[in-house]
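Secondary and tertiary structure notes
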Amino acid sequence: MFVRPKKKLGQHFLTDKNIARDIVNHLKAQNIEKVLEIGPGMGVLTDFLLENNDYETFVIEIDHESVVYLRQYIPRLEGHIIEGDFLRINLAEKVSDKPFALIGNLPYNISSQIFFKVLENKDLIPEIVCMLQKEVAMRIASGPGSKVYGILSVFLQAWYNVEYLIDVPPHVFDPPPQVQSAVIRLSANGRTELGCNEKLFFRVVKQAFNQRRKMLRNSIKSFSPRVEELDSILLTRRPEQLSVEEFIDLTNNIERLMTGSQEQGVLSREN
Ligand code: SAM
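Residues numbered from 1 in each chain as written. Predicted model: local features only at pLDDT ≥ 70, side-chain atom pairs only at ≥ 80, totals over all residues. Heavy atoms only, no water.

Some details on the sheet that holds strand 4 (residues 81-83)
- Taken together, the 7 strands give an open sheet; going across it, the order is 4-3-2-5-6-9-7, and neighbouring strands pair in mixed fashion. Strands at the two margins of the open sheet, each flanked by one partner only, are strand 4 and strand 7 (160-168). Shown here is a sheet whose adjacent strand axes are inclined to one another by a mean of 20 degrees, direction ignored.
- Where strand 7 lies against strand 9 (residues 181-188), 8 bridges are found, and the strand directions are antiparallel. Counterpart to Val168 in the pairing with strand 9 is Ser181.
- Here helix 6 (residues 134-141) sits on the sheet and contacts strand 6 (127-133), strand 7 and strand 9; the angle it forms with strand 6, its principal contact strand, is near 135 degrees.
- Taken strand by strand, helix 7 (residues 151-159) contacts strand 7 and strand 9, and its axis lies near 120 degrees from that of strand 7. (Pairing = 2+ DSSP bridges. Helix = DSSP H or I, 4+ residues; strand = E, 2+ residues; numbered from the N terminus. Axes fitted to C-alpha atoms, helices over the stretch in contact; angles between N-to-C directions. Contact = heavy atoms within 4.5 Å.)

Here it is as structure tokens:
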């Protein structure tokens, strides 16, 4: 019996066991007790995860047919299968309220959403090893100055060191995807505070990259009418040139301007 691949669930099953072993071996899993695999499918990674007794392996799978398959062919997983949607579950409740590692050959159609969920739970997730579309992997791993550096690169690199590990060609999957794949590892960089208003940081980074070809002068002016008071060289730069630290500085500067302009507003109303 095999699971019938379903396109809408991003099901491309890895058929090369050497690559599967290699992916699992890239997991360091230091100082953690549990590993959660997203989307085990027919368990090609799960088998190798279960060989390691240093951690307990859990899986979350949305596809009922895959869950039935796993129960039948990997009986050791019993009690460790969460049938559900990774994007919707409460990780602290269903997996652990202590830090755990994530691994998976991700469903490519929702990989960005998976990373946003990781960011929401960053304190719980110190390490992630995953396979995803090569283009997205390059984007996440690239630094300032690169054409593919973007929102997700900044958000993730604020909290994680990202390593681009291996390229994986389409023919080792069934069915083969139409894109190249790659494996990356994200390891918590030890930062516990951003050093700026986190919500504003998210808004500033998003706003800047939504107009990535524009100079910051134009893309951030909606935050305050006083942006011209910022450093003139900074204002001529484009978002793809700014490091995480520079986005943090920019956020602090914008917050100062915003607070200032609010005070002015109150004063002028009182006059
Ligand atoms: N790990 C298997 C492998 O390497 O052959 C399957 C990988 S396949 C690319 C992605 C898997 O994620 C599928 O099994 C799919 O059913 C599952 N999946 C898709 N969306 C999901 C979601 N929201 N939550 C949990 N699993 C999901």
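Describing the nonpolar core
- Among the nonpolar cores identified, the biggest contains 82 residues, and Leu36, Phe115, Phe201, Phe247 and Leu250 are the most heavily contacted of them.
- The element that contributes the greatest number of residues to this core is helix 11 (residues 244-270), accounting for 7 residues.
- Built from parts of two domains, this core gets at least three residues from each of domain 1 (7-188) and domain 2 (198-270).
- Excluding residues within four positions of it along the chain, Phe201 makes contact with Val154, Phe155, Ala158, Leu194, Cys196, Val244, Phe247, Ile248 and Thr251.
- Membership of the second largest hydrophobic core comes to 7 residues, among which are Leu50, Val67, Leu70 and Ile81. (Core = buried A, V, L, I, M, F, W, Y, C linked by side-chain atoms within 4.5 Å. Buried < 20%, exposed > 50% of the residue type's maximum accessible area, 1.4 Å probe, protein only. Domains from an automatic or database assignment.)

Side note on the domain arrangement of the protein chain
- Entries for the protein chain in the domain assignment read domain 1 (7-188) and domain 2 (198-270).
- Once you take the C-alpha centre of each, domain 1 and domain 2 turn out to be 35 Å apart.
- Taken together, the contact pairs 14 residues of domain 1 with 15 residues of domain 2.
- Three residues stand out in domain 1 for area buried against domain 2, namely Tyr149, Ile151 and Phe155, and they jointly supply 44% of the buried area on that side.
- Summed over the shared surface of domain 1 and domain 2, the result is 1 salt bridge.
- Between Lys122 and Glu198 there is a salt bridge, with the nearest N and O atoms lying 3.7 Å from each other.
- The tally of links from domain 1 across to domain 2 stands at 4 residue pairs in polar contact (both at pLDDT 80 or more). (Buried area = accessible area lost by both parts, 1.4 Å probe. Salt bridge = Lys/Arg side-chain N within 4 Å of Asp/Glu carboxyl O. Polar contact = N/O pair within 3.5 Å; in protein donor to acceptor, adjacent residues only side chain to side chain.)

Things to note about the side chain of Asn121
- Topologically, Asn121 is positioned in the loop between helix 5 (111-120) and strand 6.
- Here Asn121 falls in the buried class, since its relative accessible area comes to 18%.
- Polar side-chain contacts of Asn121 include one of 2.9 Å to the backbone oxygen of Lys117.

Digging into the site of the ligand
- In the vicinity of the ligand there are 22 residues, among which Leu14, Gly39, Glu61, Asp85 and Asn105 approach most closely.
- Between the ligand and Gly41, the relevant distance is 3.5 Å, taken from an oxygen atom to a main-chain nitrogen or oxygen of the residue.
- When isolated, the ligand has an accessible area of 590 Å², and the protein chains bury 97% of it.
- Contributions of two or more residues to the shell around the ligand are made by strand 1 (13-14) and strand 3 (56-61).
- Counted by class, the shell around the ligand contains 11 nonpolar, 7 polar and 4 charged residues. (Near = heavy atom within 4 Å. Areas by Shrake-Rupley, 256 points an atom, 1.4 Å probe, with all protein chains shown as cover. Nonpolar A, V, L, I, M, F, W, Y, C, P; charged D, E, K, R; others polar.)

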